Amino acid sequence: MTLNPLRWFENRPIRVKLLFGFGVILLLMLIQNMFNYLIYTTTEQARQTLLAAQDEATMAYEISAQFQNARGVMADASIAFILEGLDTAVAYYNGSQTHGQVALEMIDNLASGESELGDTGDAEKRAALAALRANVIDYDSTIGLLRDAAAARGDSESRLGGDVVAPLREINEVFDAEAALTWVERYTNSVSQSAVLEIPKAFTNLQNDIEASDLSDDEKARLKDLLNQSRTAFSVLLQNDFGLFEKLDKMNTLSQSLIDQINDYVADRKAEQAEALEKQEDAQARRERYLPVMVGITLLVSILLAIELSRRITSPVRSLTETASQIANGNYDLRVENTTGDEVGRLGASFNVMVEAIAQREAELLKQTHELRIATAKAREAARVRREFLANVSHELRTPLNAILGFSDGLLMEMYGALNEKQLHKTRRLRENGIRLLALVDDILDLTRIESRRIELRPAPFSPGHLVDRMKQQMKSLADEKSLTLDTHLDPNLPDSLIGDEQRIEQVVVNLLSNAFKFTDQGSVSLAARAQPEQNTWLIEVKDTGIGIPPHAKDIIFEEFRQVDGSSTRARKGSGLGLAITRNLVRLMNGHIGVESDLGRGSTFTVTLPLITSINESEMTVGTSPELDSAGAVDGG
């Protein structure tokens, strides 16, 4: 049997093939290094100097980055201080202090020994690092004091803030202290500047009210003592806040000083790096003048050897890749042909085993997919049964509720005999709660009709002006009850007649106005209808000056049974279905609803509907219900 060198070489491991190629290249490089030896020392020294300068410059940049991050964290802390309170800001102070600690460790490492600083570690540089280290320690200490002051402050439920609020809440249990309590809670939770001016007035008004009340002298003395406790705690809280702001000012000044000092240090290191780079480039230029021929020979041989080695190594890899591509297209009957005994050949054998496993796995996945489709169908059926159950239960509840309301009306009209004052009060409470429960049942019925797509729109001509006037008359009693102003505005560019389901549009407006009055204690509520002819739409806008909506709650208020305050003790009752029904009705009419709100400044709800002026146009625009997802929400919009 004759020995075939090429076949023998192909069966060698890839590591042996690469070692052979690199061995030839290394031999040429050793010859080249004989000519390079005379200038090696100079080049190496220049390189080491450049590396040291680069390391030091990199460390300086990292120190600068840490303090930039620290300032960024402090900026975030200021925003958190305003929006979320000091407890959240404390976490940011800890983060800023962490950046300062990291920067301090970097400064200590930079100044720790000759190995890092090298020849550039002169006395001037060490002095600069020492001064920078002292300022960083001062910065870290200031952050710690700021964090401690912030942590000590607390909010309306804890620490110094809680000390101010607690006595007022105790007063409020027996005497109306809501005005003072509102201002104090606003200041303890958000550090409101306006509250600082209003709180002393509120304290004085509350004390005057207590003195003018019909309470006993002992009770008045107890309440005034609690009021004095709150005043004293508020003074302590103000002193803590003044100290906190002083530390903030010192921290900002010290932070800017540190940034300037670090930037100066970075500029010096950049200059050293440029000088070292220039020396290294000079040494490299001298080296290249002596080695052009040797480098050319080494490069040529390396290229030729690399081409041959790559062909020997990549040919079986290419074949494996092509086979894998066909298998990826679904041809699981194809297998890799092994032509070599190296790692690629063994990889091909393993690949064949893997293909067989994939084919088996695909069969299992097809089976699981079929089972998943069955499970999905069952889930949809369960959702359908739930909707039907809610609709049936709601219908069954309406009959006894209407009976309860009828009997309560008869009792109030004294059809069954006269009632005493206590009986009248309980009967009125019975009727009010029955009406609320009936409204909840109606909401559930509307929601289930929308989910099951049993609501049909009835487009017809209607007057937007009459709609606005009717809403103003309907809501006037509610506005008078809360001493609020109800304003309306009708865009003169809006057509006198539009096509749409007036009943559903009125339901949307009533829901939005009811919400506006519910969450507005003072100020006004406005209703406006405007045209947008360029978009072929018209707008219904409901604006109030109420409590507003927190930013995190804007995405959830339109969900079913979701409210900003979901607790059982919330001041404003409701089921959480009104806005969900409103959104679904708007989407059912191919419209869109959006909200803009500032916490404490009110909210603006805007409904955008298609501008339709003819019956034919309405049939193309509003005719079918949008599809519903599994949760019952309307898709689209």
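Residues numbered from 1 in each chain as written. Predicted model: local features only at pLDDT ≥ 70, side-chain atom pairs only at ≥ 80, totals over all residues. Heavy atoms only, no water.

Engineer: Would you take a moment to explain the pattern of salt bridges for this structure?
Structural biologist: If the charged atoms of two oppositely charged side chains come close together, the side chains can form a pair. Across all of its chains, the model carries 10 salt bridges by this definition. In this structure, Glu-211 engages Lys-224 in a salt bridge whose closest nitrogen and oxygen atoms are separated by 3.9 Å. In this pair, Glu-211 is assigned in helix 8 (residues 193–212) and Lys-224 in helix 9 (residues 217–290), connecting sequence segments 13 residues apart. Classification of Glu-211 as partly exposed rests on a relative accessible area of 39%. Salt bridges linked by common partners bring Glu-170, Glu-219 and Arg-222 together as one network. (Salt bridge = Lys/Arg side-chain N within 4 Å of Asp/Glu carboxyl O. Helix = DSSP H or I, 4+ residues; strand = E, 2+ residues; numbered from the N terminus. Buried < 20%, exposed > 50% of the residue type's maximum accessible area, 1.4 Å probe, protein only.)

Engineer: Even after reading the chapter, I still don't get a negative patch on the surface, so can you show me in this structure?
Structural biologist: A surface patch of like charges, here negative, comprises Glu-124, Asp-260, Asp-264 and Asp-268. Looking at the negative patch element by element, the count peaks at 3 residues for helix 9. Mapped onto the fold, Glu-124 is located in helix 5 (residues 123–153). You can call Glu-124 exposed: its relative accessible area is 65%. (Patch = residues over 30% accessible without salt bridge, like charges linked within 9 Å, V, L, I, M, F, W, Y side chains within 5 Å. Areas by Shrake-Rupley, 256 points an atom, 1.4 Å probe, with all protein chains shown as cover. Lys, Arg positive; Asp, Glu negative; His and termini not counted. Charge placed at Lys NZ, Arg CZ, Asp CG, Glu CD.)

Engineer: Explain the nonpolar core to me, please; I cannot follow it from the model alone.
Structural biologist: Nonpolar side chains tend to gather and get buried jointly when the protein is soluble and globular. Counting residues in each nonpolar core, the largest one holds 42 residues, and the members touching the most others are Trp-538 and Phe-605. When residues of this core are traced back to their parent elements, those giving at least two are helix 13 (464–481), helix 14 (502–518), strand 4 (524–532), strand 5 (537–544), helix 15 (578–588), strand 6 (592–598) and strand 7 (602–610). Take this core: its biggest share by element is 8 residues, from helix 14. Listed in part, the 24 residues of the second largest apolar core include Phe-175, Leu-181, Ala-202 and Leu-223. (Core = buried A, V, L, I, M, F, W, Y, C linked by side-chain atoms within 4.5 Å.)

Engineer: Just checking my understanding: could you explain the side chain of Ser-230 for this structure?
Structural biologist: Summarising the element assignment, Ser-230 is placed in helix 9. The buried category is assigned to Ser-230, whose relative accessible area is 0%. Discounting residues that sit within four places of it in the chain, Ser-230 has contacts with Val-164, Pro-167, Leu-168 and Phe-203. (Contact = heavy atoms within 4.5 Å.)

Engineer: Would you take a moment to explain the sheet that holds strand 4 for this structure?
Structural biologist: Through backbone hydrogen bonds, the strands of a sheet pair up, either in parallel or in antiparallel fashion. Strand order in the open sheet made by the 5 strands is 2-4-5-7-6, with mixed pairing throughout. Each edge of the open sheet carries a strand with a single partner, namely strand 2 (485–490) and strand 6. On average, each strand axis in the sheet is tilted by 15° relative to the strand beside it, whichever way the strands run. Sheet topology note: the strand 6/strand 7 ladder contains 7 bridges and is antiparallel. Counterpart to His-592 in the pairing with strand 7 is Thr-608. (Pairing = 2+ DSSP bridges. Axes fitted to C-alpha atoms, helices over the stretch in contact; angles between N-to-C directions.)

Engineer: Please clarify how the layout of surface pockets should be interpreted in this entry.
Structural biologist: Once rolled over the atoms, a probe with the size of a water molecule shows which space is left empty. There is about 160 Å³ of room inside the second largest pocket. As for the second largest pocket, its lining consists of 12 residues, and the residues nearest its centre are Glu-124, Lys-125, Ala-128, Asp-268 and Arg-269. Of all the secondary structure elements, the ones that give two or more residues to the lining of the second largest pocket are helix 5 and helix 9. Of all the elements, helix 9 adds the most residues to the lining of the second largest pocket, at 7 residues. Across the lining of the second largest pocket, the residue classes break down as 4 nonpolar, 1 polar and 7 charged. (1 Å grid on protein atoms, 1.4 Å probe; cavity = no way out; pocket = protein on both sides within 12 Å on 5 of 7 lines; lining within 4 Å. Points joined across faces, edges and corners; volume = space filled by probe spheres on them. Nonpolar A, V, L, I, M, F, W, Y, C, P; charged D, E, K, R; others polar.)

Engineer: Would you mind going over helix 14 with me for this structure?
Structural biologist: One full turn of an α-helix is made of 3.6 residues, so residues set three or four places apart face in the same direction. For helix 14, spanning 17 residues, the distance from its first C-alpha to its last is 24 Å, which sits close to the expected 24 Å at 1.5 Å a residue. Considered for burial, the residues of helix 14 that qualify are Arg-504, Ile-505, Gln-507, Val-508, Val-509, Val-510, Leu-512, Leu-513, Asn-515, Ala-516 and Phe-517. (Expected span 1.5 Å × (residues − 1).)

Engineer: Would you explain the confidence of the model for the protein chain in this entry?
Structural biologist: Low-pLDDT stretches of the model should not have their predicted coordinates read in fine detail. Confidence along the protein chain averages 75 in pLDDT terms, with 71% of residues attaining 70 or more. Predicted confidence in the protein chain is weakest over helix 4 (residues 114–117), with a mean pLDDT of 42, and strongest over strand 5, with 94. Contacts from residues 566–571, a stretch scored under 50 in pLDDT, to residues over four places away or in other chains number 4 contacts. Throughout residues 620–637 the model reports pLDDT below 50, and contacts reaching past four residues in sequence, or to other chains, amount to 48 contacts. (pLDDT = per-residue confidence, 0-100.)

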